[in-house]
Amino acid sequence: MRFLAFPRQLACLLLAASLGACGGGASSSSSSSSPTSSGSTTTPDATASITVASPQLVTLPGNAALKGLGEALVVGERIVVLSASDAEITLNKKQVHPRTRLSVLDKDGTLLSSTDYGFTLADAYVGEWLLLPAPDGFVMLQAGPGTRMLKFDAQAKLQGSAIDLYPAVAATSTTELAAAENAASVDGNGFWLATTFSLLPVNDKTQYLLKLCKYDYSGRQLTPPFEIALSAVRPRVATSAGTVLTTWLDGSTAMLAIWPKGLGAPVIHSLGTGGAEPMPVVLDNSGRMGAIWNGKATFTSPGGVMGVALDKNGVAVLPTGRTELGQEVLSTQWAASGRAPFIDARLYKNNLLLADVGVGTYASGDAQGDVLVLADYAIGTTALSEQKATIKRLRLYGGALVMGNYPVLRQLMFSDHSLLLVGDEYHLEAFRITRP
């Protein structure tokens with residue numbers, strides 16, 4: 001267990017008094033009891049089938065490719081997709097495109113409109129963006145460097161001017177902390193922003209501190225920013241019913257801070273992922289959280305996609321008699337080695353839905369190739385790796401097209417179906433998926 005230094009503990013306790021109904025450290029009753037690993041309860045049944053319709057190629061007017069998929073978000077009964085712009089800039093002798101094209105699709109994946117914002121949203125910025133639902137539309141946040149926020153209506157039309165959530169720092173400054181990376185998650189009346197900061201210029205000895213702050217949709221701070229780590233990269237954050245879970249890497253050590261609703265300060269400690277980057281996931285709508293990561297095969301771990309549920313103190317829920325995470329593999333039935341940079345994970349009807357692109361064989365005798373894997377894991381009281389799962393494997397693009405080097409998967413959830421977007425640097429496909 002890793003504890004905060006006393007001054008920061010005190011700051012968190014003072015902060016808790018000011019949170020009110022903001023979630024995280026809210027003063028209402030504490031969260032439900034932590035899950036057990038006794039195995040005494042009945043494992044939920046998740047054997048229902050997954051039906052996948054034929055993929056639909058998503059194109060722009062004139063049949064131009066919609067390429068370079070970034071984030072995607074459900075807004076009402078439609079989908080907003082972020083993808084590569086036609087604008088370009090030369091960096092390190094390479095042409096680079098910003099991801100600033102916003103397209104609106106219907107819930108079956110048909111393109112309704114598309115606006116290419118080029119570099120008008122942030123001059124010369126080619127980093128990633130985050131999309132978050134907001135009243136009457138959505139907000140778009142720089143994933144870093146920088147903390148620019150922009151507001152859009154439900155038709156992806158820009159509303160008003162950009163806001164910097166933290167003061168911008170000049171590139172020539174060597175004394176001010178500059179925002180490097182961001183992660184965000186909506187929670188009630190606003191969103192939590194986890195941000196790493198460093199002094200410029202950045203080099204191989206740069207240290208990044210991590211701050212957490214809640215904002216409303218106008219960019220106003222609902223809590224004071226406070227430090228939760230003095231050495232952090234790759235921040236991620238997820239929220240559920242006032243519980244906030246933040247993960248990051250401290251060197252090669254995976255760390256987490258969980259802040260259940262009603263607790264005065266976050267609980268912070270390490271998570272033994274063997275150096276892999278953890279991603280927080282929501283397991284139910286009552287504050288239960290988990291984490292998944294891509295594990296490397298070792299003498300004590302088979303590797304693959306790993307995943308654990310967490311109790312209210314952020315401790316992994318393991319099978320009875322097990323003390324380490326190396327066997328918590330979720331991908332044993334995938335028959336493929338994942339190659340997408342990140343797994344897409346969504347909570348849907350009390351199931352954790354994972355989507356990944358793997359390299360394997362679709363059927364006996366086939367050559368090695370890309371296989372799309374959909375895996376639905378039931379959420380129960382025992383370890384996540386012990387839950388029953390439904391696995392669906394299918395060929396990408398019907399076997400006719402080759403997947404690019406940078407596959408991105410996004411699952412968009414509706415009341416009667418989900419839409420899976422599978423994109424790369426060349427094209428975008430939409431799969432309609434139904435579950436009983």
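Refer to the preceding data block for the structure.
First, a word on scope: everything that follows refers to the structure included in this document.

Cut-offs and rules
- Residues numbered from 1 in each chain as written.
- Predicted model: local features only at pLDDT ≥ 70, side-chain atom pairs only at ≥ 80, totals over all residues.
- Heavy atoms only, no water.
- Helix = DSSP H or I, 4+ residues; strand = E, 2+ residues; numbered from the N terminus.
- Buried < 20%, exposed > 50% of the residue type's maximum accessible area, 1.4 Å probe, protein only.
- Areas by Shrake-Rupley, 256 points an atom, 1.4 Å probe, with all protein chains shown as cover.
- Pairing = 2+ DSSP bridges.
- Axes fitted to C-alpha atoms, helices over the stretch in contact; angles between N-to-C directions.
- Salt bridge = Lys/Arg side-chain N within 4 Å of Asp/Glu carboxyl O.
- Phe/Tyr/Trp six-rings, centres within 6.5 Å; stacked < 30°, edge-to-face > 60°.
- Lys NZ or Arg CZ within 6 Å of the ring centre and 35° of its normal.
- Contact = heavy atoms within 4.5 Å.

A few points about the overall build of the protein chain
Here comes step 1: Each helix and strand in the protein chain was counted, giving one helix and 31 strands.
Here comes step 2: Buried residues in the protein chain amount to 51% of all 436 residues.
Here comes step 3: Accessible surface for the protein chain amounts to roughly 19,100 Å². Of this, 52% is attributable to carbon and sulfur atoms.

Looking at the sheet that holds strand S7 (residues 101-106)
Here comes step 1: Spatially, S3-S4-S7-S8 is the arrangement adopted by the four strands of the open sheet, whose pairing is antiparallel. Of all the strands in the sheet, just strand S3 (72-75) and strand S8 (111-116) have a single pairing partner and so form its edges. Geometrically, the sheet is characterised by an average inter-axis angle of 20 degrees between neighbouring strands, direction not taken into account.
Here comes step 2: In this structure, strand S4 (residues 78-83) lies alongside S7, joined through six bridges in antiparallel fashion.

Some remarks on the pattern of salt bridges
Side-chain pairs of opposite charge can arise where the charged atoms are in close proximity.
Here comes step 1: Within this structure, the stated rule accounts for 14 salt bridges.
Here comes step 2: Salt-bridge contacts for Asp187 lead to Lys214; the nearest nitrogen and oxygen are separated by 3.7 Å. Note that Asp187 is positioned in strand S13 (residues 177-187) and Lys214 in strand S15 (residues 209-215), a separation of 27 residues in sequence.
Here comes step 3: Judged by its relative accessible area of 10%, Asp187 falls in the buried class.
Here comes step 4: The salt bridge involving Asp216 is made with Arg220; its shortest N-O contact spans 3.1 Å.
Here comes step 5: Of the residues examined, Asp216 reaches a relative accessible area of 12% and is grouped as buried.
Here comes step 6: One salt-bridge network, in which partners are shared between bridges, spans Asp86, Arg101 and Asp116.

Re the packing of aromatic side chains
Here comes step 1: Counted by the stated rule, this structure contains nine aromatic pairs.
Here comes step 2: Centre to centre, the rings of Tyr117 and Phe152 are 5.6 Å apart; their planes meet at 75 degrees, and the pair counts as edge-to-face. Of this pair, Tyr117 sits in the loop between S8 and strand S9 (129-134) while Phe152 sits in strand S11 (residues 148-153), and the two are 35 residues apart along the sequence. For the residue pair Tyr117 and Phe152, the accessibility class agrees, reading buried in each case.
Here comes step 3: Ring geometry for Tyr166 against Phe197: centres 4.9 Å apart, planes inclined by 90 degrees, an arrangement best described as edge-to-face. One end of the pair, Tyr166, is in the loop between strand S12 (158-164) and S13; the other, Phe197, is in strand S14 (residues 190-199), with 31 residues separating them in the sequence.
Here comes step 4: With relative accessibility at 9%, the residue Tyr166 sits in the buried group.
Here comes step 5: Chaining the aromatic ring pairs together yields one cluster made of Tyr166, Phe191, Phe197, Tyr215 and Tyr217.
Here comes step 6: Looking at Lys211, its charged tip hangs above the ring of Phe197, at a distance of 5.2 Å from the centre.

Concerning unusual backbone geometry
Across residues other than glycine, the phi torsion is negative in most instances, and most of the peptide bonds are trans.
Here comes step 1: The omega torsion across Gly144 and Pro145 is 0 degrees, close enough to zero to call that bond cis.
Here comes step 2: Structurally, the position occupied by Pro145 is in the loop between strand S10 (137-142) and S11.
Here comes step 3: With an omega dihedral of -5 degrees, the bond running from Leu200 to Pro201 counts as a cis peptide bond.
Here comes step 4: Tracing the chain through its elements places Pro201 in the loop between S14 and S15.

Here we look at the sheet that holds strand S23 (residues 304-310)
Here comes step 1: Spatial strand order, S21-S22-S23: three strands in an open sheet with antiparallel pairing. Because the sheet does not close on itself, it has two edges, and the strands there are strand S21 (279-282) and S23. On average, each strand axis in the sheet is inclined to that of its neighbour by 30 degrees, with strand direction left out of account.
Here comes step 2: In terms of strand pairing, S21 meets strand S22 (residues 289-295) through four bridges, oriented antiparallel. If you follow Pro280 over to S22, its bridge partner there is Ala291.

Details of the environment of Gly109
Here comes step 1: Within the secondary structure, Gly109 sits in the loop between S7 and S8.
Here comes step 2: Residue Gly109 is classed as buried on the basis of its relative accessible area, which comes to 1%.
Here comes step 3: Setting aside residues up to four positions removed in sequence, Gly109 forms contacts with Gln56, Val58, Leu419 and Ala430.

Looking at the side chain of Ser331
Here comes step 1: Topologically, Ser331 is positioned in the loop between S23 and strand S24 (336-338).
Here comes step 2: Ser331 sits in the buried class, given a relative accessible area of 12%.
Here comes step 3: Setting aside residues up to four positions removed in sequence, Ser331 forms contacts with Gly304, Val305 and Tyr377.

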